[in-house]
Amino acid sequence: MALTLYTYYRSSAAYRVRIALGLKGLAAEPRFIHLVRNGGEQKSEAFRRINPNATVPALVTEEGTAIVQSLAIIEYLEEIRPEPPLLPGNALARAQIRAAAQVIACDIHPVNNSRVGAYLKSEFGHSQEDVITWMHHWMRNGLLAYQALLPEGTRFSFGDNPTLADCCLVPQLYNLRRWNAPADGLDRLLAIEAACLALPAFEAARPENQPDFE
Ligand SMILES: N[C@@H](CCC(=O)N[C@@H](CS)C(=O)NCC(=O)O)C(=O)O
């Protein structure tokens, strides 16, 4: 199956999909979209034809159809390659995994996206220090909420194997460090992150292991 992934090494949303592809044993041909260079290649007309929302990731299927939104892409991968499951268990278990994933993908990430920080500065005159305070606030509160949603005593977020939730967690913790936000109170998440990063799929997906890393 020939898949193409539009990606950027530092994009946490693309990082989620890279992890899921690896866990599923699927390969995707990368197309690199530099989010900073040339004013942001994601804003180009050519890329907007693939994703009108001008964000990565986007996955193009063998048939040439683009899928956007990292969670939709991962659920597509789950359907075309059910093993190993990223949404295991019964309907309730799957709802809980999706809920944790969405704390990150729907509550934390959208207000921490680089274009949000840029807009706070350009439209409202906020300083870089203000933007950093903003980023830390939403990341830490969201991650504490994520942690509170987890069952006790599991190796990964939900059980003995990584799920959709872990595909979101590890990139979000990467973002936390990138913004130098404190990690105190997040020990459980750091232990889960260590368990994830010991797996080849997570290791291969890391920003520093991407060909476009700089
Ligand atoms: N909800 C989207 C978010 C995608 C997104 O915002 N990606 C970021 C990188 S992590 C991006 O492309 N940002 C471009 C910009 O801010 O201009 C998803 O899950 O795919």
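Values in this document were obtained by computation on a predicted structure and should not be read as measured data.

## Let's talk about the environment of Ala101
Within the secondary structure layout, Ala101 lies in helix H4 (residues 91–112). Of the residues examined, Ala101 has 26 C-beta atoms within 10 Å and is grouped as buried. The sequence separation of Ala101 and Ser127 amounts to 26 residues, and the corresponding C-alpha distance is 30 Å. Filtering out sequence-adjacent residues up to four positions away, Ala101 remains in contact with Leu71, Leu164, Ala165 and Cys168.

## Section: the site of the ligand
Within the structure, the ligand sits among 16 residues, and Ser11, Ala13, Thr55, Ser70 and Arg115 are positioned closest to it. Sorting the residues of the shell around the ligand by element identifies helix H1 (12–24), helix H3 (70–80) and helix H5 (114–124) as the ones contributing at least two each. Of the residues contributing to the shell around the ligand, the split by class is six nonpolar, nine polar and one charged. Summarising the domain contributions, the shell around the ligand has at least three residues from each of domain 1 (3–84 + 203–209) and domain 2 (91–199).

## A few points about the packing of H4 against helix H7 (residues 164–178)
Packing of H4 against H7 leaves a shortest axis separation of 8 Å and a crossing angle of 30°. Here H4 is positioned roughly parallel relative to H7, judged by the angle of their axes. You can see that H4 and H7 cross each other, and the crossing is left-handed. Along the contact surface, H4 presents Ile97, Arg98, Ala100, Ala101, Ile104, Ala105, Ile108 and Asn112, while H7 presents Leu164, Ala165, Cys168, Leu169, Gln172 and Asn175. Tallied by class, residues from the contact of H4 with H7 come to 10 nonpolar, three polar and one charged.

## Some remarks on helix H6 (residues 128–149)
Since the α-helix turns once every 3.6 residues, residues separated by three or four places project in the same direction. Taking 1.5 Å as the rise per residue, H6 with 22 residues should run 32 Å; its terminal C-alpha atoms sit 32 Å apart, in good agreement. Listed as buried for H6 are Met135, Met139, Gly142, Leu143 and Tyr146. Projected down its long axis, H6 shows its buried positions confined to an angular sector of 100°, all on one face. Residues of H6 that are exposed and point over 90 degrees away from its buried face: Glu129, Thr133 and Ala148. On its buried face, H6 sits against H4, H5, H7 and helix H8 (187–197).

Criteria and cut-off values
- Residues numbered from 1 in each chain as written.
- Predicted model: local features only at pLDDT ≥ 70, side-chain atom pairs only at ≥ 80, totals over all residues.
- Helix = DSSP H or I, 4+ residues; strand = E, 2+ residues; numbered from the N terminus.
- Buried ≥ 20, exposed ≤ 12 C-beta atoms within 10 Å, placed from the backbone.
- Contact = placed C-beta atoms within 7 Å.
- Near = placed C-beta within 6 Å.
- Nonpolar A, V, L, I, M, F, W, Y, C, P; charged D, E, K, R; others polar.
- Domains from an automatic or database assignment.
- Axes fitted to C-alpha atoms, helices over the stretch in contact; angles between N-to-C directions.
- Parallel < 35°, antiparallel > 145°, perpendicular 65-115°, else oblique.
- Left-handed = near helix turned anticlockwise from the far one by under 90°.
- Expected span 1.5 Å × (residues − 1).
- Arc of directions from axis to C-beta.

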